[in-house]
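# Observations on the three-dimensional arrangement
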Amino acid sequence: MMRTLNSRVLAPLDPGRTGHVDLAMLLMVLAALGNGGARGRVMAAFDILSWKKGSAGVTVQDAQAYVATLRRIFSPGHEEGGRRDSGDETSDSPTLDEAGFLAAVTNAESGFAMYEVLPALCHSLA
């Protein structure tokens, strides 16, 4: 199990092999694998991100980074399809409430469409 966790989760969170992993993102990925419905798991990820961001608020760019991380870990063969972060989005990215974050993450086209079934798909990894 630890080998799988290292190769499937930790390594993609540290592509430069620096030995540093964003703890909040790791916890958000683990929340995606937890028991319960998609809404509860996304809200757990939102709470973790809110804790990390503090008063700055959760932005659309944060939701996109979470979706990109989920894709990198759980759909490594699928590229991001031309969506790239541009440096000027950080200051102008609107903040999201819980419902907006849920919609951004679970959106079938721009989010991570497999979010609902992710725990069942990854159960075989354990």
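Now for a look at the structure at hand.

Parameters at a glance
Residues numbered from 1 in each chain as written. Predicted model: local features only at pLDDT ≥ 70, side-chain atom pairs only at ≥ 80, totals over all residues. Heavy atoms only, no water. Helix = DSSP H or I, 4+ residues; strand = E, 2+ residues; numbered from the N terminus. Buried < 20%, exposed > 50% of the residue type's maximum accessible area, 1.4 Å probe, protein only. Contact = heavy atoms within 4.5 Å. Salt bridge = Lys/Arg side-chain N within 4 Å of Asp/Glu carboxyl O. Core = buried A, V, L, I, M, F, W, Y, C linked by side-chain atoms within 4.5 Å.

## Considering the overall build of the protein chain
Across its full length, the protein chain holds 7 helices and 0 strands. Along its sequence from the N terminus, the protein chain presents helices and strands in the succession α-α-α-α-α-α-α. For the protein chain, the residues scored as buried account for 36% of the 126 residues in total. Put simply, 70% of the contacts in the protein chain that link residues at least 6 apart link residues at least 24 apart.

## Some points on the pattern of salt bridges
Two side chains with opposite charge may pair up if their charged atoms get near one another. As enumerated under the stated definition, the model contains 2 salt bridges in all. A salt bridge links aspartate 62 to lysine 53, with the nearest nitrogen and oxygen atoms 3.2 Å apart. For lysine 53, a relative accessible area of 28% corresponds to the partly exposed category.

## Examining the nonpolar core
Core analysis: the largest hydrophobic core is formed by 30 residues, its most contacted members being Met28, Tyr66, Leu70, Phe74, Phe101 and Tyr115. With 7 residues, helix H3 (residues 38–53) is the largest single contributor of residues to this core. Ignoring any residue separated from it by four or fewer positions in sequence, one finds phenylalanine 74 in contact with Val29, Leu33, Phe112, Met114, Leu118 and Cys122.

## Things to note about the side chain of serine 75
As for its placement among the helices and strands, serine 75 is situated in the loop between helix H4 (60–74) and helix H5 (89–92). Sequence-distant contacts of serine 75, that is, excluding residues within four places in its chain, are made with Leu70, Phe112 and Met114.

## A short note on the environment of arginine 8
Topologically, arginine 8 is positioned in helix H1 (residues 2–13). Accessibility expressed as a relative area gives 44% for arginine 8, which makes it partly exposed. Once the C-alpha coordinates of arginine 8 and phenylalanine 74 are considered, the two residues, 66 residues apart in sequence, prove to be 7.8 Å apart.

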